[in-house]
Amino acid sequence: MPDTGTPYDDVFRTMTTDCPFLLIPLINEVFGEQYTGNEEITLLQNEHFIKLTDGKLKKKVTDSSISLTEDNGRIYHFECQSTPDGEIIIRIFEYDSQMALEGAYASNNKLVLEYPHSAILYLRHNSNTPDNMEITIKTPGGEVSYKVPVIKMEYSIDEIFRKKLLFLIPFYIFCYEKEFPEMENSSINFKKAEGEFITITRTLDYMCLNGEITEYTKCMLSDMTKIVIENIMAKYKKIKEGLGGIMGGKVLEYEAKTILRTGMERGMEFGIERGMEKALVFMVVKKIKKGKGIDVISEELEEDKERIAKIFNAAMETAPGYDIDKICDVLNK
């Protein structure tokens, strides 16, 4: 992982480099686009050099900039900001202008500069944080303005998975930052966050099993989330170890009822009844893959043996792929 800026900037850049396709749903959300995710993505250089008034060159490092080939090379530029900073809009303009200059071309005695579509992810925000910032350029030929959307870390887990905004998962812990002292001193306050991070890991597991994401993407999101947790919770040892352990894979066998209750309370994306059924089927399939039989699974999940047997037999009909939806269809016949 690169070692520049804050740990959060590094996580942001690492995800952009390793899994740039995760930015596509974020682009759709922020700019109202309808990309499918099958577009060809080109990572652009993130180091730019700006000439200062004294003639020296100053290096500027952007958090992410990508080009989508299928959209005539349209460029999108994102910056990650951990704390409110009145100068971020100035830096955005510097980065945008440098990118525009690097792609400038002359035609019929006219210089054409195309500015990127830029946005800022604010990990922390307050009531004064705007939904958009604006850049206005006053030229001899008239005034030109463009907006820079602000993304605030205020999405729920439901929204993140429903809108496929997986890029935001490593930063979800910022939603709890103000509650850290209470969470550290009270297991009751900690339980809500614990339940949500269990939901995150289980849903990523399900998406991986169902072919929606790769094992690599799942592990990358878990690793990046753990890095953010370890940095933002440096002073809170108890909850850091608890949540970091969940994302690190240490919490392997939670009771089915806990998982199902979490799925029911959070709704997930399948509807309450369907989500509960899929959660149980998912857990049974994981245990089948470990070579466990009906009796053992029933005991470990504290579920009725007859019910587990039905799921087990339905799962075997779809082996070795173990398609969760097909198993549920068999059960509902």
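Above this text you will find the structure in question.
Just so it is clear, the structure is predicted and the values come from calculations on it, not from any experiment.

> How should I be thinking about a nonpolar patch on the surface in this particular structure?
Taken together, Leu 101, Leu 111 and Leu 113 make up a surface patch of nonpolar side chains, about 280 Å² in accessible area. As for its placement among the helices and strands, Leu 101 is situated in helix H3 (residues 88-102).

> Before we go on, may I ask you to explain the nonpolar core in this structure?
Counting residues in hydrophobic clusters, the biggest one holds 60 residues, and the most contacted among them are Phe 78, Phe 171, Ile 173 and Leu 243. Here this core takes eight residues from helix H6 (residues 187-209), the largest share from any one element. Within the second largest apolar cluster, 19 residues are counted, among which are Val 281, Val 285, Ile 311 and Tyr 322.

> How do you make sense of helix H11 (residues 294-301) when you look at a structure like this?
Count 3.6 residues to each turn of an α-helix, and residues three or four apart come out pointing the same way. For H11, the full list of buried residues reads Ile 297, Ser 298 and Leu 301. For H11, the angular spread of buried residues about the axis comes to 100°, placing them on one side. Immediately downstream of H11, the backbone of Glu 302 shows phi near 55°, a positive value.

> Would you mind showing me how to read the pattern of salt bridges here?
Between side chains of opposite charge, a pair can form when the charged atoms approach closely. Scanning all chains against the criterion turns up 14 salt bridges. In this structure, Glu 29 and Lys 163 form a salt bridge, with 3.2 Å as the shortest nitrogen-oxygen distance. Of this pair, Glu 29 sits in helix H2 (residues 23-31) while Lys 163 is found in the loop between helix H4 (157-162) and helix H5 (180-185), placing the two residues 134 residues apart along the sequence. Here Lys 163 falls in the partly exposed class, since its relative accessible area comes to 30%. Across the pair Lys 147 and Glu 134 runs a salt bridge whose closest N-O atoms are separated by 3.3 Å. Of the two residues, Lys 147 sits in strand E10 (residues 142-152) while Glu 134 sits in strand E9 (residues 132-139), which places them 13 residues apart along the sequence. The class for Glu 134 is partly exposed, based on a relative accessible area of 44%. Within this structure, Arg 202, Asp 205, Glu 215, Lys 218 and Lys 286 form a network of salt bridges that share partners.

> Please explain the side chain of Asp 96 as it appears in this structure.
Mapped onto the secondary structure, Asp 96 falls in helix H3. Comment: no salt bridge for buried Asp 96; closest opposite-charge side chain is Arg 91, at 11 Å. Looking at Asp 96, its side chain comes within polar contact range of the side chain of Ser 118, at 2.7 Å. The contacts of Asp 96, once residues within four sequence positions are left out, are His 77, Tyr 115, Pro 116, Ser 118 and Tyr 146.

> Looking at this structure, I do not really get the packing of helix H12 (residues 305-317) against helix H13 (residues 324-331). What am I missing?
A packed helix pair is summarised by two numbers, namely the angle formed by the two axes and the spacing between the axes. It is the contact of H12 with H13, at a shortest axis distance of 9 Å, that shows an interaxial angle of 125°. The angle between H12 and H13 falls in the class oblique. The hand of the H12/H13 crossing is right-handed. Contact residues: H12 offers Lys 310, Ile 311, Ala 314, Ala 315 and Glu 317, while H13 offers Ile 327, Val 330 and Leu 331. Among the residues making up the contact of H12 with H13, the classes are represented as six nonpolar, no polar and two charged.

> Help me out: how do you make sense of the packing of aromatic side chains in this one?
Think of a pair of aromatic rings as described by two things: how far the centres are apart, and how the planes are tilted against each other in angle. One pass over the structure, following the stated rule, counts eleven aromatic pairs. Here Phe 12 and Phe 167 contribute two aromatic rings whose centre-to-centre distance is 4.9 Å and whose plane-to-plane angle is 75°, an arrangement assigned as edge-to-face. With Phe 12 in helix H1 (residues 7-18) and Phe 167 in the loop between H4 and H5, this residue pair connects regions lying 155 residues apart in the sequence. Each member of the pair, Phe 12 as well as Phe 167, is classed as buried. Ring-pair connections join several aromatic residues into one group, and the members of that group are Phe 31, Tyr 35, Tyr 76 and Phe 78.

> Where do I start with the pairing of E10 in this structure?
Sheet faces and side chains relate simply in a regular strand, where the side chains alternate between the two faces. One ladder, built from three bridges, connects strand E8 (residues 117-122) with E10; its direction is parallel. Directly across from Leu 121, in E10, lies its bridge partner Ile 151. Strand direction decides the pairing type here: E9 and E10, joined by eight bridges, are antiparallel. The residue of E10 that forms the bridge with Glu 134 is Lys 147. Between E9 and E10, which follow one another and run antiparallel, lie two residues.

> When you look at unusual backbone geometry in this model, what are you seeing that I'm missing?
With omega at 5°, the peptide bond leading from Ala 319 into Pro 320 counts as cis. As for its position among the elements, Pro 320 is in the loop between H12 and H13. The phi angle at Asn 108 is positive, at roughly 50°, despite the residue not being glycine. Take Asn 108: it is sitting in the loop between strand E6 (105-107) and strand E7 (110-112). One non-glycine residue, Asn 109, lies in positive phi territory at about 60°. Mapping Asn 109 onto the fold places it in the loop between E6 and E7.

> Can you walk me through the side chain of Gln 81 in this structure?
Here Gln 81 is to be found in strand E5 (residues 74-81). In this structure Gln 81 comes out as buried when scored by relative accessible area, which is 9%. Engagement of the side chain of Gln 81 in a polar contact is seen with the backbone oxygen of Thr 83, the distance being 3.1 Å. In this view, Gln 81 contacts Ile 88, Arg 91, Ile 120, Leu 121, Tyr 122, Leu 123 and Arg 124; residues no more than four positions away in its chain are not counted.

The rules behind the values
Residues numbered from 1 in each chain as written. Predicted model: local features only at pLDDT ≥ 70, side-chain atom pairs only at ≥ 80, totals over all residues. Heavy atoms only, no water. Patch = residues over 30% accessible without salt bridge, like charges linked within 9 Å, V, L, I, M, F, W, Y side chains within 5 Å. Areas by Shrake-Rupley, 256 points an atom, 1.4 Å probe, with all protein chains shown as cover. Salt bridge = Lys/Arg side-chain N within 4 Å of Asp/Glu carboxyl O. Helix = DSSP H or I, 4+ residues; strand = E, 2+ residues; numbered from the N terminus. Core = buried A, V, L, I, M, F, W, Y, C linked by side-chain atoms within 4.5 Å. Buried < 20%, exposed > 50% of the residue type's maximum accessible area, 1.4 Å probe, protein only. Arc of directions from axis to C-beta. Lys, Arg positive; Asp, Glu negative; His and termini not counted. Polar contact = N/O pair within 3.5 Å; in protein donor to acceptor, adjacent residues only side chain to side chain. Contact = heavy atoms within 4.5 Å. Axes fitted to C-alpha atoms, helices over the stretch in contact; angles between N-to-C directions. Parallel < 35°, antiparallel > 145°, perpendicular 65-115°, else oblique. Left-handed = near helix turned anticlockwise from the far one by under 90°. Nonpolar A, V, L, I, M, F, W, Y, C, P; charged D, E, K, R; others polar. Phe/Tyr/Trp six-rings, centres within 6.5 Å; stacked < 30°, edge-to-face > 60°. Pairing = 2+ DSSP bridges.

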